[in-house]
Amino acid sequence: MRLIDSHCHLNYEGLVERQAQVLENARERGVSGFLNISTRQSEWGDIVSVAEREPDVWASIGVHPHEADSHPDLGAGALIDAADHPRVIAIGECGLDYYYDKSDRAAQRDRFEAHIDAARQSGLPLVVHTRDAEEHTAEILASAVREGGVTGVLHCFTGSAELARKGLDLGFTISLSGIVTFKNAQDLQEIARWLPADQMLVETDSPFLAPVPHRGQKCEPAFVADTASFVAELRREDAEQLAETTTANFFRLFKKAA
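Residues numbered from 1 in each chain as written. Predicted model: local features only at pLDDT ≥ 70, side-chain atom pairs only at ≥ 80, totals over all residues. Heavy atoms only, no water.

1. Regarding the overall build of the chain
Then, number 1: A count of helices and strands for the chain gives 9 helices and 8 strands.
Then, number 2: Compactness check: the chain gives a C-alpha radius of gyration of 17 Å against a globular reference of 18 Å for 258 residues, within 12% of the reference.
Then, number 3: Across the chain, every contact between residues at least 6 apart in sequence was considered, and the portion connecting residues at least 24 apart equals 73%.
Then, number 4: Only carbon and sulfur atoms are counted for the fraction: they give 46% of the accessible area of the chain, which is about 10,700 Å².
Then, number 5: If you average the places of the 25 positive and of the 41 negative side-chain charges in the chain, the two averages end up 3 Å apart. (Helix = DSSP H or I, 4+ residues; strand = E, 2+ residues; numbered from the N terminus. Rg over C-alpha atoms; globule rule 2.2 N^0.38 Å. Contact = heavy atoms within 4.5 Å. Areas by Shrake-Rupley, 256 points an atom, 1.4 Å probe, with all protein chains shown as cover. Lys, Arg positive; Asp, Glu negative; His and termini not counted. Charge placed at Lys NZ, Arg CZ, Asp CG, Glu CD.)

Structural data, given as structure tokens:
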């Protein structure tokens, strides 16, 4: 089995202290690649350093919507400059989060637009976070796609079937995390059953959201194998084939990694 963890936070507490072992645990379960995601500008250097050191780790450059207020001057230029590094393959994570409202909503939208501009100019895909902001997320992405040169992934998808279909119609990929394995995730499980095979990824979002059978533990990239196996069973597909398909999807979307 050859899998990619398309979204993890290797530099977060709970993983960074044992990063080498975490990576080795995942490799032993067939994980052959990791996209290490940044969420604030102060992390960019450390995130890129891991990708420089580990040949199967890539980096993203971005600012999470929770951090929008603390990055008032962030524009596309800073993102583009940082993303010029050969190991940076994505812009994000970025987007909108109206559930926690940790940053002003207008600031979130402004930072989101800066990421979109950077993605268009750099040619790199967006890694999009959205929670309780479906209408604005869909509107912003639809406008971006109309202008051209923008694609990406709706990561750790927990939205509605309507948002999933809108994202797919815009050419975006949907990424499933360990949440899909939870008992109360029936709606998400139904979406996972009908997602087009060529627009689907799997991820951990580690160190968060450990899938069944690891609930309550610190999540790590090795657990993407459990999520992939669960999704394969939902879809009545062979787990090996799902792993190969999602890996191919990863390299098709994140072309710079290939």
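2. A closer look at the pairing of strand 1 (residues 3–8)
Taken residue by residue, a regular strand's side chains alternate between the two faces of the sheet.
Then, number 1: With 6 of its 6 residues buried, strand 1 lies for the most part within the structure.
Then, number 2: Note: strand 1 against strand 2 (residues 31–36), 4 bridges, orientation parallel. Residue pairing for strand 2: Cys 8 is matched across the bridge by Asn 36.
Then, number 3: Each parallel crossover has a hand, and the one from strand 1 via helix 1 (residues 19–28) to strand 2 is right-handed. (Buried < 20%, exposed > 50% of the residue type's maximum accessible area, 1.4 Å probe, protein only. Pairing = 2+ DSSP bridges. Right-handed = clockwise from strand over helix to strand, strands pointing away.)

3. Focus on the pattern of salt bridges
Then, number 1: If you walk through the whole model with that rule in mind, you get 14 salt bridges.
Then, number 2: Across the pair Lys 166 and Glu 162 runs a salt bridge, and its minimum N-O distance is 3.3 Å. Of this pair, Lys 166 and Glu 162 both sit in helix 6 (residues 161–169), 4 residues apart, which is roughly one turn of that helix.
Then, number 3: Between Arg 235 and Glu 237 there is a salt bridge, with the nearest N and O atoms lying 3.0 Å from each other.
Then, number 4: With relative accessibility at 33%, the residue Glu 237 sits in the partly exposed group.
Then, number 5: A single network of salt bridges, built from pairs that share partners, joins Glu 24, Arg 27, Arg 53, Glu 54 and Asp 56. (Salt bridge = Lys/Arg side-chain N within 4 Å of Asp/Glu carboxyl O.)

4. Let's talk about the side chain of Arg 235
Then, number 1: Inspection of the secondary structure assignment puts Arg 235 in the loop between helix 8 (224–234) and helix 9 (239–253).
Then, number 2: The exposure class of Arg 235 is buried, given its relative accessible area of 12%.
Then, number 3: Leave out the neighbours within four places in its chain, and Arg 235 touches Ala 192, Arg 193, Trp 194, Leu 195, Pro 196, Ala 197, Met 200 and Leu 242.

5. Section: a negative patch on the surface
Then, number 1: A contiguous patch of negative charge on the surface is contributed by Asp 69, Asp 104, Asp 110, Glu 113 and Asp 117.
Then, number 2: By secondary structure assignment, the location of Asp 117 is in helix 4 (residues 105–122). (Patch = residues over 30% accessible without salt bridge, like charges linked within 9 Å, V, L, I, M, F, W, Y side chains within 5 Å.)

6. Quick notes on the sheet that holds strand 7 (residues 173–176)
Then, number 1: The 8 strands lie next to each other as 1-2-3-4-5-6-7-8, forming an open sheet whose pairing is parallel. On the outer flanks of this sheet lie strand 1 and strand 8 (200–202), each paired with one strand and no other. Neighbour-to-neighbour, the strand axes of this sheet turn through a mean angle of 30°, independent of strand direction.
Then, number 2: Sheet topology places strand 7 next to strand 8; 3 bridges connect them, and they run parallel. Considered in strand 8, the bridge of Ser 175 is made with Leu 201.
Then, number 3: Together, strand 3 (57–61) and strand 4 (88–97) form the strand contacts of helix 3 (residues 76–83), whose direction differs from that of strand 4 by roughly 145°.
Then, number 4: Of the strands in this sheet, strand 4 and strand 5 (126–131) are in contact with helix 4, which crosses strand 4 at around 155°. (Axes fitted to C-alpha atoms, helices over the stretch in contact; angles between N-to-C directions.)

It is worth stressing that arrangement in space is one thing and function is another; only the former is reported here.
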